[in-house]
Amino acid sequence: MAKPVTTQAKRVLNMKMTLKWIAEKLLKYNPEIRISDGESITIRTIMLLKNAQQSFEPDVLYFGKASDLPKYFSGSSPVNVACVADRYFPKRRYTGNSNLNLIILKNHTDIVSVFNEMQELLSRNAQISDYKEKLMECLFAGNGMQNIVDTAYQLLGNPLMIVDVGHKYIASSVIETEDSFWEEAFKRKYVASDIVLMLKNSEEIRKIFRSKTPVIFNTHVSTRELLSNVFIGQKIVARISVYELYREFNQEDMEVVSYLSHIVSLEMQKSKYSYINKGQMFEYFLNDLLEDKISDDNEISERVKYIDLPMKPYNCVFTIDLSHKKADYPVQAEIMDEISLLIPDSISIFYNANIVTLISGDSINDVSESSMEKMELYLKNMDLVGGISLCFSYIGDFKKYYLQSLMALRLRSHISSRKILNRYEDYFFHHIADICSKIINLTSLCHPSVLRIWEYDKKNGSDLLKTLFFYLKYDRSITETANVLHIHRNTLDYRISKIKGVIDLDWNNFDVIKQIYMSLRMLEYMEHISFEG
């Protein structure tokens, strides 16, 4: 049984040739246009104007010479005329009639060429309408995305591929070619990450990837690509890529692919088990956890089974704060798109001006090293910072670890750190200091030796406290400490001797060393400084 035509489907299907559209196509002739509401006037056909013609159809555009116009137009229906001003044109006689829509071309305009051009426009529009109808028939036949892609391939004469925003395959053409590169590209049914990264390496390509209309551009190979984003509401959910393998692109391709994007959007929305719906279910679930809408362990377990949440043993929450930026939806979508590319095993949502990402891995190293070097470079280029929680295994703890990632960002700001990626584990002692500061003066908890060196530095303009910090952090390794401070070993030896001269410690007492290190972290919190920059 055929599915009912939705309101959106009707709006997409009923795209017809309007008088305004024709007038825009004739702008290169510099016409004088006097039309009342060209957007609402649909043109069915174009006919030659007869001399002193009196009868006119409201959905016909009449074309001819001004000398053939009747002296007066009667009736209440719209009359649509395009004419070449081959004689003196008494505009007042005609422009006072609100039912008359006029496109007046200059006297030297070749009337035959323009008429043939308009007929060609009509013919092309009829062909595009036919293509659109075939695509709509595919949608309501209910044979799935692959059937839509196969039909589009026949209509466009070039192969195409549809991928989601994570660049994972949804559907593609089956092609026959002697070009091994393209044969492999369509056979493997996914976009290689190195190609995507190469394409997205410039601001021009970034704009293309956010475009609301189809764009033709040169790929990293000689073949051009016609790319069109697929939207559900304001959200980009997929991309259509048509490749110029068999014939050159033309203007009709742009219109057909634009329409195809609507069809793909509708197909993704009506398919109960489509990728995007599943993606939305993940997002809704994570949002519900953050909103405390579900907290019962049994309910959480049932939801995880129902949506088939792809969790691995080790998980963490990665949060990017956008509150300080005027980030509209396309920018948010672009950032989440980039995260899905750089960190494949991830799910991102937008929540309270933050992009919140669940990252999963098979080991703790998978999570901690999940393409974070590339992510750090991306965030730096975008002037953004991120916070990363500790690892956890139970999804019911998602909100707890989200708050941890936020705490890492807050403490980064508090101590004036310049880190791009901020792991909660690096702010663990600062968090303890933050909690303690609400009930006690932190100075009373600091080891006296740390306060003594702090005063010495302020008085002498030295940097012994920072040296002590890294010396303890790297377990008193001279080599590692000198490397991180970018100083010679002899310089470090001199500074250590200075420190030992200012304070008297039992350097072999592990408890004392721990207290000194904790005091250094407390001092960072109290003085809003970061030894690590």
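About the thresholds
- Residues numbered from 1 in each chain as written.
- Predicted model: local features only at pLDDT ≥ 70, side-chain atom pairs only at ≥ 80, totals over all residues.
- Heavy atoms only, no water.
- Helix = DSSP H or I, 4+ residues; strand = E, 2+ residues; numbered from the N terminus.
- Buried < 20%, exposed > 50% of the residue type's maximum accessible area, 1.4 Å probe, protein only.
- Areas by Shrake-Rupley, 256 points an atom, 1.4 Å probe, with all protein chains shown as cover.
- Pairing = 2+ DSSP bridges.
- Axes fitted to C-alpha atoms, helices over the stretch in contact; angles between N-to-C directions.
- Contact = heavy atoms within 4.5 Å.
- Expected span 1.5 Å × (residues − 1).
- pLDDT = per-residue confidence, 0-100.
- 1 Å grid on protein atoms, 1.4 Å probe; cavity = no way out; pocket = protein on both sides within 12 Å on 5 of 7 lines; lining within 4 Å.
- Points joined across faces, edges and corners; volume = space filled by probe spheres on them.
- Nonpolar A, V, L, I, M, F, W, Y, C, P; charged D, E, K, R; others polar.
- Phe/Tyr/Trp six-rings, centres within 6.5 Å; stacked < 30°, edge-to-face > 60°.
- Core = buried A, V, L, I, M, F, W, Y, C linked by side-chain atoms within 4.5 Å.
- Patch = residues over 30% accessible without salt bridge, like charges linked within 9 Å, V, L, I, M, F, W, Y side chains within 5 Å.
- Salt bridge = Lys/Arg side-chain N within 4 Å of Asp/Glu carboxyl O.

**So, the overall build of the protein chain**
Part 1 of the argument: In terms of helices and strands, the protein chain carries 21 helices and 15 strands.
Part 2 of the argument: Within the protein chain, the fraction of its 533 residues that count as buried is 49%.
Part 3 of the argument: Carbon and sulfur atoms provide 49% of the accessible area of the protein chain, an area that totals close to 27300 Å².

**Comments concerning the sheet that holds strand β6 (residues 160–164)**
Part 1 of the argument: Strand order across the open sheet formed by 5 strands is β7-β6-β10-β9-β8, with antiparallel pairing between neighbours. Each edge of the sheet is formed by a strand with only one pairing partner; in this case those strands are β7 (169–172) and β8 (215–218). In this sheet, neighbouring strand axes are inclined to one another by 25° on average, regardless of whether the strands run parallel or antiparallel.
Part 2 of the argument: Bridge analysis of β6 against β7 gives 3 bridges, and the strand direction is antiparallel. Each bridged residue has a counterpart across the sheet, and for M161 the counterpart in β7 is S172.
Part 3 of the argument: Against the sheet, helix α5 (residues 145–156) engages β6, β7 and β10 (235–243), with an angle of about 45° to β7.

**Description of helix α18 (residues 464–473)**
Part 1 of the argument: Counting buried residues along α18, 8 of its 10 residues qualify, which places the element largely inside the surrounding structure.
Part 2 of the argument: Of all the residues in α18, the buried ones are L464, L465, T467, L468, F469, F470, Y471 and L472.
Part 3 of the argument: Where the residues of α18 are buried, they touch α17 (448–460), α19 (478–485), α20 (489–502) and α21 (510–527).

**Points about α5**
Part 1 of the argument: Helix length check: α5, at 12 residues, gives a terminal C-alpha distance of 16 Å against a target of 16 Å (1.5 Å per residue), a fit within 8%.
Part 2 of the argument: Looking only at α5, the buried set comprises M145, I148, V149, T151, A152, Y153, L155 and L156.
Part 3 of the argument: Taken from the residues just after α5, G157 is the one with a positive phi, measuring 75°.

**Remarks on the confidence of the model for the protein chain**
Part 1 of the argument: Mean pLDDT over the protein chain works out to 84, with 88% of the residues at or above the 70 mark.
Part 2 of the argument: For the protein chain, the element scoring lowest by mean pLDDT is helix α1 (residues 7–13), at 44; helix α15 (residues 398–414) scores highest, at 97.
Part 3 of the argument: Contacts of residues 1–15 to residues separated by more than four positions or lying in other chains number 21 contacts, the stretch itself having pLDDT below 50.

**As for empty space enclosed by the protein**
Part 1 of the argument: Evaluation of the coordinates by the stated rule reveals 3 cavities of 30 Å³ or more.
Part 2 of the argument: Size it by volume and the second largest cavity reaches roughly 40 Å³.
Part 3 of the argument: Residues belonging to the lining of the second largest cavity are distributed by class as follows: 2 nonpolar, 3 polar and 5 charged.

**What to know about unusual backbone geometry**
Part 1 of the argument: The backbone of A353 sits at a positive phi, close to 65°, despite the residue not being glycine.
Part 2 of the argument: For A353, a relative accessible area of 29% translates into the label partly exposed.
Part 3 of the argument: Not every positive phi belongs to a glycine, and H486 is a case in point at roughly 60°.
Part 4 of the argument: Among the structural elements, H486 can be located in the loop between α19 and α20.

**Some details on the packing of aromatic side chains**
Geometry of an aromatic ring pair is reported as the spacing of the ring centres plus the angle between the planes.
Part 1 of the argument: Within the structure shown, the criterion is met by 12 aromatic pairs.
Part 2 of the argument: For the ring pair F56 and Y62, a centre distance of 5.0 Å and an interplane angle of 90° mean the geometry is edge-to-face.
Part 3 of the argument: Taking the relative accessible area as the measure of exposure, F56 reaches 15% and is therefore buried.
Part 4 of the argument: Relative to Y517, the ring of F429 has its centre 5.7 Å away and its plane inclined at 80°; by these criteria the two rings are edge-to-face. Residue F429 is found in helix α16 (residues 428–437), and its partner Y517 is found in helix α21; the two are separated by 88 residues along the sequence.
Part 5 of the argument: A relative accessible area of 28% places F429 in the partly exposed class.
Part 6 of the argument: What makes Y517 buried here is its relative accessible area of 17%.
Part 7 of the argument: Taken together through their ring pairs, the aromatic side chains of F428, F429, F469, F470, Y474, Y517 and F531 make up a single cluster.

**Here's the deal with the pairing of strand β12 (residues 346–351)**
Part 1 of the argument: Of all the 6 residues making up β12, 5 are buried; the element is thus mostly covered by neighbouring parts of the structure.
Part 2 of the argument: Across 6 bridges, the pairing between β12 and strand β13 (residues 354–361) is antiparallel. In the sheet register, I347 faces β13, and the bridge partner there is L358.
Part 3 of the argument: Between the antiparallel neighbours β12 and β13 lie 2 residues, among them N352 with a positive phi of about 50°.

**Points about the nonpolar core**
Part 1 of the argument: Of all hydrophobic cores here, the largest spans 41 residues; its most connected members are L135, L160, I240, V242, L260, V264 and M268.
Part 2 of the argument: Elements that contribute at least two residues to this core include exactly α4 (111–141), α5, β6, α6 (180–188), β9 (224–232), β10 and α9 (251–270).
Part 3 of the argument: Here this core gets 9 residues from one element, more than from any other, and that element is α9.
Part 4 of the argument: The contact partners of L135, leaving out residues within four places of it in the chain, are I148, T151, A152, L155, V256, Y259, L260 and I263.

**Describing a nonpolar patch on the surface**
Part 1 of the argument: On the surface, a cluster of nonpolar side chains totalling about 280 Å² of accessible area is made up of I439, I440 and L445.
Part 2 of the argument: Here L445 is to be found in the loop between α16 and α17.

**Points about the sheet that holds strand β15 (residues 421–423)**
Part 1 of the argument: Within the open sheet, the 5 strands sit side by side as β12-β13-β11-β14-β15. Their pairing is mixed. Lying at the two open borders of the sheet, with one neighbouring strand each, are β12 and β15. Across the sheet, the mean angle separating the axes of adjacent strands is 20° when strand polarity is ignored.
Part 2 of the argument: The pairing of strand β14 (residues 386–388) with β15 spans 3 bridges and is parallel.

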